[in-house]
Amino acid sequence: MVCPRAALGPGALWAAAWGVLLLTAPAGAQRGRKKVVHVLEGESGSVVVQTAPGQVVSHRGGTIVLPCRYHYEAAAHGHDGVRLKWTKVVDPLAFTDVFVALGPQHRAFGSYRGRAELQGDGPGDASLVLRNVTLQDYGRYECEVTNELEDDAGMVKLDLEGVVFPYHPRGGRYKLTFAEAQRACAEQDGILASAEQLHTAWRDGLDWCNAGWLRDGSVQYPVSRPREPCGGLGGTGSAGAHGGANGGVRNYGYRHNAEERYDAFCFTSNLPGRVFFLKPLRPVPFSGAARACAARGAAVAKVGQLFAAWKLQLLDRCTAGWLADGSARYPIVNPRARCGGRWPGVRSLGFPDATRRLFGVYCYRAPGAPDPAPGGWGWGWAGGGGWAGGARDPAAWTPLRV
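Residues numbered from 1 in each chain as written. Predicted model: local features only at pLDDT ≥ 70, side-chain atom pairs only at ≥ 80, totals over all residues. Heavy atoms only, no water.

## Looking at the overall build of the chain
The helix and strand tally for the chain stands at five helices and 26 strands. Here the chain, with 402 residues, has 44% of them falling under the buried criterion. Of the contacts formed within the chain by residues at least 6 apart in sequence, a portion of 59% connects residues at least 24 apart. Accessible surface computed for the chain: about 20,200 Å², of which carbon and sulfur atoms make up 54%. (Helix = DSSP H or I, 4+ residues; strand = E, 2+ residues; numbered from the N terminus. Buried < 20%, exposed > 50% of the residue type's maximum accessible area, 1.4 Å probe, protein only. Contact = heavy atoms within 4.5 Å. Areas by Shrake-Rupley, 256 points an atom, 1.4 Å probe, with all protein chains shown as cover.)

In structure tokens form, the structure reads like this:
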């Protein structure tokens, strides 16, 4: 429909001009470049909300601004009686409250208390500042502006830098219901990955031939190197146009989350602390791993922490070590033949016998925690002696200078 020029007020012309700018802007703003502002017109034509197109990107522990501005097409309106509300989309038709402001009254809800506040950069700024970003903050947020009977809303997507990793417990593959997969990821310092995160990981080379739960309740798996046991060499079972010779994300669709069992694809982000490999004077059984790390002011690293250290801190170590779930793994940034083959990644030895197999241990030290045993110290039994078939008690370890 074409409207006569006289029917358009200054505010409408302003909004239309921004709409033309959006149409001429390249799709998908790149990180590090100034974002194009997206204008969404309310049905009433009175309140107009602006949000950033695409997504904003942060990491765990970071601070991010979720951009949102509004204006009125009619100059008679003021900003005093405006209600600003931020909610998070948890399901297509379900929202959880994040932050509400009405004049001088502001309130944050749930886990956002103490972390969320308005940016307050002049009249019409409804942007939300979110501090100490957590893994659970990932997702879509709605900014809603209401004045009397008029309202408009815009959507902002918050993405996190991080890494997707496949996971199954000691009991074996395909043992987890959806709820159990959620708990397993949380126990390993992660959350269930989204379909978008898995697709990004596949594009970065993730290749895993076992299906796992995702956050939306679907079951999928990424294949970067097609082969017959992993969905075949053709496009059958692949995601969209990403099958064929280039592999793809195989998709089982949405499954019964209380009865069917699969593995899990977890996601974790930036580490606030540091993962390091601890090699005691002698390799230890799993029962000695926690004490060895505790003696260095640390805890046995979780699987997600090791993946984050490999991906984001470039930890590269060609030596297997215990992790908190009883598995033994090691991270490879620079592939070499004697360290597991041609591809970078976190190698896994599965879940070795916790009493008979001996390894070093990967430890995680939280920020600010001191190292009570700096370089030059190790751990063993005073008086020397060998392992003696496992008769030595790790609880009797004492610090020994090496």
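Text resumes after the structure shown.
## A few points about unusual backbone geometry
Negative phi is the rule for most residues except glycine; trans is the rule for most peptide bonds. Phi is positive for Tyr-174, which is not a glycine, with a value near 55°. Counting through the fold element by element, Tyr-174 comes out in the loop between β13 (162–167) and α2 (178–187). Residue Tyr-174 is classed as partly exposed on the basis of its relative accessible area, which comes to 33%. Backbone geometry places Asp-189, a non-glycine residue, at a positive phi of 65°.

## Considering the sheet that holds strand β9 (residues 116–118)
Working definition: the strands of a sheet are paired by backbone hydrogen bonds and lie parallel or antiparallel to each other. Taken in spatial order, the three strands make up an open sheet running β4-β10-β9, and their pairing is antiparallel. The sheet is open, and its two borders are formed by β4 (64–66) and β9, each paired with just one other strand. Strand-to-strand twist of the sheet, defined as the mean angle between neighbouring strand axes without regard to direction, takes the value 30°. Two elements, β9 and strand β10 (residues 128–130), share three bridges in a ladder whose sense is antiparallel. Following the sheet pairing, Ala-116 is matched in β10 by Leu-130. (Pairing = 2+ DSSP bridges. Axes fitted to C-alpha atoms, helices over the stretch in contact; angles between N-to-C directions.)

## Observations regarding the pairing of strand β19 (residues 274–278)
Regular strands show a simple pattern: their side chains alternate between the two faces of the sheet. With four of five residues buried, β19 lies mostly within the body of the structure. Pairing geometry for β19 and strand β24 (residues 360–365), over five bridges, is antiparallel. Directly across from Arg-274, in β24, lies its bridge partner Arg-365.

## Side note on the pattern of salt bridges
Taken as a whole and judged by the stated rule, the model has 14 salt bridges. Asp-137 serves as the salt-bridge partner of Arg-115, at 2.8 Å between the closest nitrogen and oxygen. With a gap of 22 residues between them, Arg-115 in the loop between β8 (105–108) and β9 and Asp-137 in the loop between β10 and β11 (139–147) connect regions that are remote in the sequence. On the basis of relative accessible area, Arg-115 is assigned to the buried category, the value being 10%. We note a salt bridge from Arg-336 to Asp-316, for which the minimum N-O separation is 2.8 Å. Separated by 20 residues along the polypeptide, Arg-336 in the loop between β22 (328–332) and β23 (345–348) and Asp-316 in the loop between α5 (303–312) and β21 (321–322) bring together distant segments of the chain. Judged by its relative accessible area of 24%, Asp-316 falls in the partly exposed class. Several salt bridges converge on common partners, so that one network encompasses Asp-207, Arg-225 and Arg-227. (Salt bridge = Lys/Arg side-chain N within 4 Å of Asp/Glu carboxyl O.)

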